[in-house]
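# Breakdown of the fold
Below, each chain spelled out in residue letters.
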Amino acid sequence: MSGISGYHHLTLSTDGAQEDFDFYTKTLGLHSVKRTVLFDGVLPVYHLYYGSPDGDASTIITTFPFRKPGVYGRRGTNQSRAILQAIPKGAADFWVDRLNARGIEAHKVTRFGTERVIVAHPCGIPHELVESDSDRREPITNAAQGIGRDHGIKGIYGSVIATTDKTAMNDFLTIALPLELESQTDDGDVYRVPDASGVIQRVEVITDRESPQGTWTLSGGTIHHLALNTGDEETQLKLRAHIEGLGFTDISEQKDRNYFKSCYVRSPGGALFELAWTTPQGWTSDEPPGQIGKTLVFPPWFKDREAELRAGLEQADFV
């Protein structure tokens, strides 16, 4: 079975809220889609969402800035390694020039047969802007930041996972999810994420037996999870049952994320995956259409804690 149609979002834990917001909206030209708070635990931490103006699935990057609580992790092996975003064919030079002009070190490489711009988030998490000539998604433009359709990010291209054992990871990706193994090269293994619209999105798996074990908890400087889109609840729960039935029992019950519903599963290669689908109201459940990502909003179950959470959040100017 499959039940997956592309990525839904990618989530990472970062450092400062202001530098995070500025990197995604001002440097990369994404739009603020939602500003809310961490739904799990008790720490007052922002949960920031970025993507296309309407928050289309497969464009969303979400972050937890952990500077104020001072919780930091370690990047290493058996962990997601890099965030990959698609850009139009021929746009790499534009991004290298733009990033370096802003004092952000960037350079081009060719890997898995694609031209890429290598850059790091201010907290150090590797990002790659990958030229994708068969991606039919409309580029995300941002006139205020000088980014037009010839260069704008199209959405998620994929992710890189570092692991000590690619064999166990292959079993999980091809049997449990399942994804399609496209190629095995000296660079690593490439898996195609099924997508009903034909958009090419991938998971790239590399072997790393030298780095220390990476942190799995929510902690600054690390990628937390990779969310795949199941489209609806029935498909999500069937896929969840399929994965659990194979023996991958480190899988959560469904969790209500207000804008989408989620189940999480830890892969044998260490990376945390999420199965997600957007609720009918989605981003407009607490902000009107055309105005999403403009205000700080809280889920209904935090109504009695709203003042406490506001007081504990890091100060940032989200403009």
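Scroll up a little and you will see the structure.
Attention in this report is confined to the structure presented alongside it.

### Quick notes on the sheet that holds strand 3 (residues 46–51)
The strand order across the open sheet built from eight strands is 2-3-4-1-13-16-15-14, with neighbouring strands paired in mixed fashion. The sheet is open, and its two edges are formed by strand 2 (31–37) and strand 14 (255–256), each paired on a single side. Bridge count between strand 2 and strand 3: six bridges; the pairing is antiparallel. The residue bridging Thr36 from the neighbouring strand is His47, located in strand 3. In this fold helix 1 (residues 17–27) packs onto strand 1 (7–14), strand 2, strand 3 and strand 4 (60–65), with an angle of close to 10° to the strand it touches most, strand 3. Its contacts with the sheet place helix 4 (residues 233–245) against strand 15 (260–266) and strand 16 (272–278), and it is angled at close to 155° to strand 16.

### Focus on the layout of surface pockets
In this structure, the largest pocket encloses a volume near 310 Å³. Leu30, His31, Ser32, Ile292 and Lys294 are, among the 19 residues lining the largest pocket, the residues nearest its centre. At the level of elements, helix 1 and strand 2 are the ones that each hand at least two residues to the lining of the largest pocket. Partitioned by chemical class, the residues of the lining of the largest pocket number seven nonpolar, eight polar and four charged. There is about 270 Å³ of room inside the second largest pocket. As for the second largest pocket, its lining consists of 19 residues, and the residues nearest its centre are Asp56, Ala57, Ser58, Thr59 and Arg137. Within the lining of the second largest pocket, the residues separate by chemical class into six nonpolar, seven polar and six charged.

### Observations concerning the side chain of Arg98
Tracing the backbone through its elements, the reader meets Arg98 in helix 2 (residues 92–101). Here Arg98 sits buried without a salt bridge, and the closest side chain of opposite charge, Asp97, lies 11 Å off (N-O distance). Beyond its immediate stretch of four places on either side in the chain, Arg98 contacts Lys26, Thr27, Gln145, Gly146 and Ile147.

Parameters at a glance
Residues numbered from 1 in each chain as written. Predicted model: local features only at pLDDT ≥ 70, side-chain atom pairs only at ≥ 80, totals over all residues. Heavy atoms only, no water. Pairing = 2+ DSSP bridges. Helix = DSSP H or I, 4+ residues; strand = E, 2+ residues; numbered from the N terminus. Contact = heavy atoms within 4.5 Å. Axes fitted to C-alpha atoms, helices over the stretch in contact; angles between N-to-C directions. 1 Å grid on protein atoms, 1.4 Å probe; cavity = no way out; pocket = protein on both sides within 12 Å on 5 of 7 lines; lining within 4 Å. Points joined across faces, edges and corners; volume = space filled by probe spheres on them. Nonpolar A, V, L, I, M, F, W, Y, C, P; charged D, E, K, R; others polar. Buried < 20%, exposed > 50% of the residue type's maximum accessible area, 1.4 Å probe, protein only. Lys, Arg positive; Asp, Glu negative; His and termini not counted. Salt bridge = Lys/Arg side-chain N within 4 Å of Asp/Glu carboxyl O.

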